[in-house]
Protein chains: 2
Amino acid sequence: MKITAVIMAGGRGERFWPKSRNSCPKQFLSLTSDGETMIQKTVKRLLPLVDMNDIYIVTNAAYKTLVTDQLPDIPEENILSEPAARNTAPCIAFAAAVINRKYDDAVMMVLPSDHLIGLEDIYINTLKKAADVAAKNSSLVTIGITPEYPETGYGYINFGAENENGAYTVERFVEKPDLATAEKYLASGKYLWNSGMFVWKLSTILENIRSFMPDIYEGAVKIGEAFGTPQFNEVLVREFTAFRSESVDFGIMEKAENICTIPGSFGWDDVGSWLAVERINKTDADKNYISGDVISVESSHTTVCGGKRLIAAVGLEDIIIVDTDDAVLVCSKNNTQDVKKVIAQLREQGRNELV
Amino acid sequence: MKITAVIMAGGRGERFWPKSRNSCPKQFLSLTSDGETMIQKTVKRLLPLVDMNDIYIVTNAAYKTLVTDQLPDIPEENILSEPAARNTAPCIAFAAAVINRKYDDAVMMVLPSDHLIGLEDIYINTLKKAADVAAKNSSLVTIGITPEYPETGYGYINFGAENENGAYTVERFVEKPDLATAEKYLASGKYLWNSGMFVWKLSTILENIRSFMPDIYEGAVKIGEAFGTPQFNEVLVREFTAFRSESVDFGIMEKAENICTIPGSFGWDDVGSWLAVERINKTDADKNYISGDVISVESSHTTVCGGKRLIAAVGLEDIIIVDTDDAVLVCSKNNTQDVKKVIAQLREQGRNELV
């Protein structure tokens, strides 16, 4: 069965300020020393499994140029521009309706655009297995990540018995736990991290959208019907902006039957904050990650992402420095989530050019 | 007796990199929120005691423009440009020989250009007392600072009995002590900090220069004789560059007789490193000193000297950030002395534009 991929690239990635901005969010940045952006890596690692012509990018209309610039080999009609941000369920419905015009039925893999994968062969094999299960069993397959520690920043998947083909039934999805609960999950051996990667047939997901979000289904069908016609943009704007905001987790996964998960252990990293930079790059003998024009004296466990100017890091420990032309962030590693507070203050001050 | 002042302004102030550069050292920077530079403050606070026409600035020839720009009211002939850096003894000999051409004899106060004084009335009264003692007793008077804690970064003055006029005999000058020694000094009540401020008559200092540094005396006399003639610059360059490098402490004060000290308690601060900025400026409720375009989130005891760009300080404690157009320093408060290592690395790399 034909395998297609939908890469969701509408996020704003505020935790990577000041490098990420509204005008260029995380998925369009390079956070690794090879210079490739997150979305370029996402597409590249799929190519052993999915034809370039079957890779779709769903993104905010404002980012279409970034996508075409960074991914010139993706056919233009595969770049699906959302006229408004409506979370993942409308995004997936839109993509499913469009792809359904091209293929009678096909496997549709839904993947984030801003994660990293260390072991790409295992990743591809896991996706293949998921596609097989999705095709054979008409199930909604989610890729669960084998947890390594009691992370409180992710949702978890509670899985049950093993089906055929190495998939496990999903008992329930649970929200981000507190630390004690996360520790229990980890100890139980019955939980996986929810990575936000889904694999299903077009027919399966469309059927589920129709069942659980009939309003969105109706709009998506109209968008799909208009695809390729002169009215497409008009219909898209009208129908899509009318969608309510809904996540696929809440709108479908927590309600649907026949959900299974395939555990993956392929060096997944969600690159969730500036803390990730030292994980995903090579650090020096003092555990510093340093890029750009930097002089480091007596510093350790420190991340410096330089810009055009010299940065001198003297006597620092567990500090993150990110320099850009118009803003520099100096942040304790314990406070990477507080970067959002900076953005909130900038918004309050009406300084949108810096957001 | 006429009172003159010689302000020594040849230093390079490397500890204030990246704001201080070879091209604009500390004495020409403003480190306080009023915008006045250190040398402007130094001159201004002297005016209740010394006529502007009797204030002399000795500086490196390269800084003459900075002096005339920042101190337009100082007569140009009072700006004495050293053709080379030769430490304080040749600097003082040069100034004494020049001023000796104008006045038969006069009190000469030698003062650093880059210190701050909190209590200026007491400062002026202390200098007045020192001038009286120097005039009456033909002694070399040094201003000692009443120590507040066992500082290991200053030299100390061991004083003896009180003379008339509130001056104390100097037993000896001692180098920067280790902490245990500094603690002993402080506990003994017989030590003052050596502030590098000296008061003496021209006749007294010239006599002492002749006794202890006859070579420098000879050259200084020639420079003084040439002052105001067309040959001055030629003579100055020849004689001054031939001087050996010598400090007044080692060259004269540690050898001379009839030295006394007057203790001063006038809120002296040598502004010795970036640590000083929070001492000499008002801090906020979280003990931060912040200037420029800065957003601070969950930071405390942190100093941010902003430049043209936004600085976001997130979750920091005891960190110093200094931004300039071409370099930014992020430094732990424990490592302010290591800023010199940054400069050393820049020199090694031949990046003199940043030094």
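Thresholds applied
- Residues numbered from 1 in each chain as written.
- Chains lettered and ligands numbered in written order.
- Predicted model: local features only at pLDDT ≥ 70, side-chain atom pairs only at ≥ 80, totals over all residues.
- Heavy atoms only, no water.
- Least-squares fit on C-alpha atoms with pLDDT ≥ 70 in both.
- Contact = heavy atoms within 4.5 Å.
- Pairing = 2+ DSSP bridges.
- Helix = DSSP H or I, 4+ residues; strand = E, 2+ residues; numbered from the N terminus.
- Axes fitted to C-alpha atoms, helices over the stretch in contact; angles between N-to-C directions.
- Core = buried A, V, L, I, M, F, W, Y, C linked by side-chain atoms within 4.5 Å.
- Buried < 20%, exposed > 50% of the residue type's maximum accessible area, 1.4 Å probe, protein only.
- Buried area = accessible area lost by both parts, 1.4 Å probe.
- Salt bridge = Lys/Arg side-chain N within 4 Å of Asp/Glu carboxyl O.
- Polar contact = N/O pair within 3.5 Å; in protein donor to acceptor, adjacent residues only side chain to side chain.
- Disulfide = S-S within 2.5 Å.

### Overview of the relation of the copies chain A and chain B
Then, number 1: Each copy of the sequence occupies a distinct position, and chain A is placed on chain B by a rotation of 180° and an axial shift of 0.1 Å, giving an RMSD of 0.1 Å. As the rotation angle and translation indicate, the two copies are arranged about a two-fold axis. Closest to the rotation axis within chain A is the C-alpha of Val330 of chain A, separated from it by 4.0 Å.
Then, number 2: In this assembly the copies share their binding face: 100% of the residues contributing to the interface of chain A also contribute to that of chain B.

### A few points about the sheet that holds strand 12 (residues 289-291) of chain B
Then, number 1: Spatial ordering of the open sheet is given by 13(A)-15(A)-17(B)-16(B)-14(B)-12(B), a layout of six strands whose pairing is mixed. Looking along the sheet, the strands with just one partner apiece sit at the ends: strand 13 (294-297) of chain A together with strand 12 of chain B. Each neighbouring strand pair of the sheet contributes to a mean axis angle of 10°, computed without reference to strand direction.
Then, number 2: Looking at chain direction, strand 12 of chain B and strand 14 (residues 303-305) of chain B are connected through three bridges and run parallel. Its bridge partner being in strand 14 of chain B, Ser291 of chain B is matched across the sheet by Cys305 of chain B.

### Some words on the nonpolar core
Residue and element names in this part refer to chain A.
Then, number 1: Grouped together as the largest cluster of nonpolar side chains are 48 residues, with contacts concentrated most on Leu46, Ile57, Met109 and Val199.
Then, number 2: If one sorts the elements of this core by residue count, helix 4 (residues 120-137) sits on top with seven residues.
Then, number 3: Once residues within four sequence positions are removed from consideration, Leu46 is found in contact with Ala5, Ile7, Ile55, Met109, Leu111, Tyr123, Ile124 and Leu127.
Then, number 4: Core analysis: the second largest hydrophobic core is formed by 47 residues, Tyr56, Phe94, Ile99 and Phe159 among them.

### As for the interface of chain A and chain B
Then, number 1: Taken together, the 36 residues of chain A in the interface contact 36 residues of chain B.
Then, number 2: For the chain A and chain B pair, buried surface summed over both sides reaches about 2700 Å², with 62% attributable to carbon and sulfur atoms.
Then, number 3: Counting the surface chain A buries against chain B, the share from its top three residues, Arg309, Val314 and Val330 of chain A, is 23%.
Then, number 4: Counting every contact that joins chain A to chain B gives six salt bridges.
Then, number 5: The salt bridge partner of Glu298 of chain B is Lys341 of chain A, with a shortest N-O separation of 3.3 Å.
Then, number 6: Between chain A and chain B we count 20 residue pairs in polar contact (both at pLDDT 80 or more) in total.

### Quick notes on the environment of Asp104 of chain B
Then, number 1: Mapped onto the elements, Asp104 of chain B comes out in the loop between helix 3 (88-102) and strand 4 (107-112).
Then, number 2: Along the sequence, Asp104 of chain B and Asp286 of chain B sit 182 residues apart, while their C-alpha atoms lie 56 Å from each other.

### Quick notes on the state of the cysteines
Then, number 1: Tallied over the full model, the rule gives zero disulfides over all chains.
Then, number 2: Cys305 of chain A provides the cysteine sulfur closest to Cys24 of chain A, a residue in no disulfide bond, and the two sulfurs are 14 Å apart.

### Remarks on helix 6 (residues 202-212) of chain A
Then, number 1: Those residues of helix 6 of chain A that fall on the buried side of the exposure criterion are Leu202, Thr204, Ile205, Leu206, Asn208 and Ile209 of chain A.
Then, number 2: For helix 6 of chain A, the secondary structure elements touched by its buried residues are helix 3 (88-102), strand 4 (107-112), strand 6 (140-145), strand 9 (191-201), helix 7 (214-226) and helix 9 (248-253) of chain A.

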